[in-house]
Amino acid sequence: MNSFLSLVAEDLKRRIGHDFSHTLVIFPGKRPALFLNESLAADQPIWTPRYLTIAEFFRSLSTLRVADPIETVFRLYAHYVRLTDSTLAPELFYGWGQRILSDFDDVDKNMAPASKVFGDLKELEELVDDSFLTLEQREELRRFFADFEKGKSVLRERYAALWQNLLPLYEALRSELAAEGLAYEGQLYRDVAEQLKNGTLEPPQTIRHIAFVGLNVIDRATQTLFDALKAHGEKKGWKDYVLFYWDYDDSYVQDEAHEAGLFMRRNLAQNPSALPEKCFHNFCTPEPARHITIVDAPGSVAQAHHAALWLKDRQHFAAEQARKTAVVLCDETLLQPMLNTLPAQVKEVNVTKGFPLSQTPAFDLATRMVENGSSLAEIYQALQKEMIRQNEDTEEDNEENITSESTTTSENTDAGKTWLENLRCESTYRCLTAVAHLMAMEEEGNLPLGDEKMKGRLLLTVLRTLTVPFHGEPLSGLQLMGVLESRCLDFEHLILLSVNEGKLPTEEAQNSFIPRLLRKRYGLTTADLTTAVFSYYFHRLLQRCPDVEIVFDSSTSGMNRGEMSRFVRALCVESPHPISRLTLEAHPLPKHRILEEGKKPKDMKLERLSPSAINTYLRCPLSFYFHYVCKLPDTTPADAVILPQDFGTVCHKAAELFYQPLLGKPLTPTNLAPLAKEKKRLRELVEEAFHTENITAPPLAHEAVMRYLERLLAYEAGQTPAELPATNFTVCEAEKKVERKITVCVGETEKTITLNGIIDRLDLAQIEGHNEMVWRIVDYKTGGHVEKAADVEALFQFDEEGHPHPRYTLQTCLYAYMLLGCKDAEKYVARPLMPALFFIHRAAAKDYNPYLNIAKETLRDFRSIAAEVEANLRALFEEILNPDIPFQPTLNERNCKQCNYRKLCGR
């Protein structure tokens, strides 16, 4: 079966001959050009045509230059600040800016009337077109706008304010760029299309043939270009001046209901194909025989290993077979596992999918330096030194290979090591280039002013959006690619990985500030059109390939539902070819192996432990072993809004920032109440907390932290009912670091462990029932519930029967215990110590009591139980360090549901 590009090559030679010096070939991307060129020159030498992508073609027709995308975001930021008087930090705006630019790009490429798309919200009658929208759609749009007209929340006000300024932003940015001879891509497209339409721009005069190959989604600007070119060719009387080579199959184009053919049916109607219809009866033909297999694999690693076995079993790594074989990744996170599991026989791999820069050592280096307060110049110097060191290491390795007596052919080369070394060098260079770019923008005055911390956070924001390109020879070796990179290419052997619902098509929400109905009204891209695009990519890959393996992740861990893509389900019903099914099973490790691993090493070193570590041990000793002894990473799945630990961190920082200027000053409900009502100041503190902790989150998370801070201050100001209220207090210290050394005997050996932690707040307070001021050890909690402990011993008991363990109570007691043994303990020993847990989300409850409840009584002075806490703590440390007591898994398997190490112990 002929490939699509070979069909194009034959038709071009039939129409034009072998002199393509006046021929221009336009592709959706760069990769197909090499393959088409090979097919054109297969039988004899040729004058090579000029190859451009559709974006490059538009640029060649324009006098404008495409502006740097990073600089364009900051230009947009400057206009946004000017129009709205916003104090939003540039690194927080960066994501917004990219989204706004994407909207502008879509509006311009589809030549939509910007004044109407970004029109006034109140012009509802103009936005709702009776001739287009149904009654339900009109009502939906009316509700959408009503929310912003009637709503009083900050989020709605911010969104409405942004919406009202989108048109001024659009006009200001376009004017500024055009004045400097610049444009963003959509602006350039629209400018070219409008000039072609009104006759002020002529198509290229030296070109006699223009072939558009493998395009799919045609926006209005591109169709305007097509119309202008066709009119120009007719005016000149040039035969075959414009040729359209659409890549499709009639199995989905002839079916009006099939989403894969949505755009192609329109393309064929407006611009007929240069190839005859007989070239596109492929998928439903009985010859050649098709082998389609659907595989469900439990997890990403299982998918990668299966792909490696598939390559090895079928000998797809041989030179001729490799270039006809492709591994297509529907999930970019599979790239690293796939590279790590490639068979040793694979000598050449052409990787077309970029590697996320945020997953490289260079990004880690930049992150550490930003956290340490380094300037952009210092980060640049460090990356430059790292680049030099890597080059020196490479030169030394080359010298060793040259002078070594052993054979160093490619067969003995560690392919995995090679790509890792290349990735390390490329990622360092990519980071270095990004830092240099920001420094240049700063020198030119195009970077928003700010301190070094702000610039560092801005750098990390930019780096997270970048990828590291791989180098390879497209015409040789195994093809490892993403879905988009497969356009126009055909393979004889194909395996698609992670073909899951949510991955193909993606389940990401429409990344736009323009409502869906307005997008649909004015012909902009919508989620259903995006689904049609991915459906086309999927079915196009299958239409000529005789050997296909489709793998999906059947595990249900994290956000993955273990559901195959809807495209695969439809294929099972529609395919005229038999489809095989294969299920891979993951066998858990035997539990006895885990118990052996849980044995304590003879040289086990546990020199420092925190209250959190102790709670982990009481929850599950084996989990403690994995985390604190083996140092295995504790990965937490990403939350849709903000990670719980990040939320807690920002809330703590916001409270710290509020009380920082009040340290040492007596506070009462009377003088605290007005401070708690200064919402503008509180909001600034919340924003500063996010900046300081370098945590990026959507506006909803910012609002949640704001609510937390307001509730905390409402409680402190006496606006919510509570038992044992503080009539006055003085915050003495915030984020106080404390530690205490404890020496225990293990056998005949003495071992010392340092117990360490950070107290959120330490204050002197006047509490009802006390004749003197007491020390309060305050620990803020953003989750959980108020606890009660039967006695002190219960604080140190294992959670084995599913009973709630008072872990927060234990944690706060340990803070008090450390305070009594710290360097300046004498000033704390003289007064009562009252540990307090501020569960702010529960502070509004009637008779809320933040103080610890042990043995059914409020703990008014920790000194009364200090000796008992110490005795239990020593016994626990002796058990942890005892080499004869292994780290056993918990008996309460409820704890295993949220454990990151559960797969290691077979649960």
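Residues numbered from 1 in each chain as written. Predicted model: local features only at pLDDT ≥ 70, side-chain atom pairs only at ≥ 80, totals over all residues. Heavy atoms only, no water.

On to the overall build of the protein, then. On a plain count of helices and strands, the protein comes out with 33 helices and 23 strands. Expressed as a percentage of the 907 residues in the protein, the buried residues total 51%. Of the roughly 43000 Å² that the protein leaves accessible, carbon and sulfur atoms contribute 50%. (Helix = DSSP H or I, 4+ residues; strand = E, 2+ residues; numbered from the N terminus. Buried < 20%, exposed > 50% of the residue type's maximum accessible area, 1.4 Å probe, protein only. Areas by Shrake-Rupley, 256 points an atom, 1.4 Å probe, with all protein chains shown as cover.)

Further remarks concern the sheet that holds strand S5 (residues 209-213). The 4 strands are arranged S2-S1-S5-S6 in an open sheet whose pairing can be described as parallel. Strand pairing shows two members of the sheet lacking a second neighbour, strand S2 (50-53) and strand S6 (242-245), which therefore form its edges. Neighbour-to-neighbour, the strand axes of this sheet turn through a mean angle of 20°, independent of strand direction. Against the sheet, helix H11 (residues 220-236) engages S5 and S6, with an angle of about 135° to S6. (Pairing = 2+ DSSP bridges. Axes fitted to C-alpha atoms, helices over the stretch in contact; angles between N-to-C directions. Contact = heavy atoms within 4.5 Å.)

It is worth spelling out helix H17 (residues 361-371) at this point. Along an α-helix, residues three or four apart share an orientation, since each turn contains 3.6 residues. When we look at burial in H17, the residues that qualify are Ala 362, Phe 363, Leu 365, Ala 366, Thr 367, Met 369 and Val 370. Immediately downstream of H17, the backbone of Gly 373 shows phi near 80°, a positive value.

What follows covers the confidence of the model for the protein. Interpretation of the predicted coordinates at a detailed level should be avoided for regions scoring low in pLDDT. Averaged over every residue, the pLDDT of the protein is 83; residues scoring 70 or more account for 84%. Considering only residues more than four positions removed or in separate chains, one finds that residues 124-130, a stretch of pLDDT under 50, has 17 contacts. The model gives residues 636-641 a pLDDT under 50, and that stretch makes 9 contacts with residues more than four places away or in other chains. (pLDDT = per-residue confidence, 0-100.)

Quick look at the packing of H17 against helix H20 (residues 452-463) now. At their nearest, the axes of H17 and H20 sit 9 Å apart, and the two run at 160° to each other. Taken as axis vectors, H17 and H20 run roughly antiparallel relative to one another. When you trace H17 past H20, the crossing you get is left-handed. Contacts from Phe 363, Ala 366, Thr 367 and Val 370 of H17 reach H20 at Gly 456, Arg 457, Leu 460 and Leu 463. For the contact of H17 with H20, the class distribution of residues is 5 nonpolar, 2 polar and 1 charged. (Parallel < 35°, antiparallel > 145°, perpendicular 65-115°, else oblique. Left-handed = near helix turned anticlockwise from the far one by under 90°. Nonpolar A, V, L, I, M, F, W, Y, C, P; charged D, E, K, R; others polar.)

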